[in-house]
Amino acid sequence: MQAFFKGENFNNAGSGPSLESYLDFLNTVKNGEDLSTLINNQFDASRTAINALNNSFSEQITTNNNAMLSAFEELQANVVLLKSDMFSALSIAVEFNSGDGD
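Small disclaimer: the values here were computed from a predicted structure and weren't measured.

Rules used throughout
- Residues numbered from 1 in each chain as written.
- Predicted model: local features only at pLDDT ≥ 70, side-chain atom pairs only at ≥ 80, totals over all residues.
- Heavy atoms only, no water.
- Helix = DSSP H or I, 4+ residues; strand = E, 2+ residues; numbered from the N terminus.
- Expected span 1.5 Å × (residues − 1).
- Buried < 20%, exposed > 50% of the residue type's maximum accessible area, 1.4 Å probe, protein only.
- Contact = heavy atoms within 4.5 Å.
- Salt bridge = Lys/Arg side-chain N within 4 Å of Asp/Glu carboxyl O.

## Quick look at helix H3 (residues 35-51)
For H3, with 17 residues, the first-to-last C-alpha span of 24 Å sits near the 24 Å given by 1.5 Å per residue. Listed in full, the buried residues belonging to H3 are Leu35, Ser36, Leu38, Ile39, Asn40, Gln42, Phe43, Ser46 and Ala49. Next to the buried residues of H3 lie helix H1 (2-6), helix H2 (19-25), strand S1 (29-30), strand S2 (33-34) and helix H4 (57-89).

In structure tokens form, the structure reads like this:
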């Protein structure tokens, strides 16, 4: 997801236009810091929290569920940055309509 955000091509074959570069072009700032930097930092924090988990999530929950909850909270923090702040900066309206059969 972070590679997509940064516009990195598959197999490290370079990079192209990205959501990150567009946010920088728009000079999007949140709490005095570039939104793209906040998003990238949160990707890194999420990765760090996930890498600290046991490979067996079942065992992780049994032995130390707080670490699992912490990793979940780090991921959720980036959801807010991406879905709320970035969408707002890009003037994208999110519709939460649910129709029959959803």
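## Remarks on the pattern of salt bridges
Evaluated as defined, the whole model comprises two salt bridges. For Asp85, the salt bridge identified is with Lys30, shortest N-O distance 2.7 Å. Separated by 55 residues along the polypeptide, Asp85 in helix H4 and Lys30 in strand S1 bring together distant segments of the chain. Judged by relative accessible area, Lys30 falls into the partly exposed class, the value being 25%. Between Arg47 and Asp44 there is a salt bridge, with its nearest N and O atoms 3.1 Å apart. Of this pair, Arg47 and Asp44 both sit in helix H3, three residues apart, which is roughly one turn of that helix. Asp44 sits in the partly exposed class, given a relative accessible area of 34%.

## Points about the environment of Ala3
Structurally, the position occupied by Ala3 is in helix H1. Judged by its relative accessible area of 33%, Ala3 is partly exposed.

## Here's the deal with the environment of Thr37
Along the polypeptide, Thr37 turns up in helix H3. For the pair Thr37 and Asn54, spaced 17 residues apart in sequence, the C-alpha separation works out to 28 Å.

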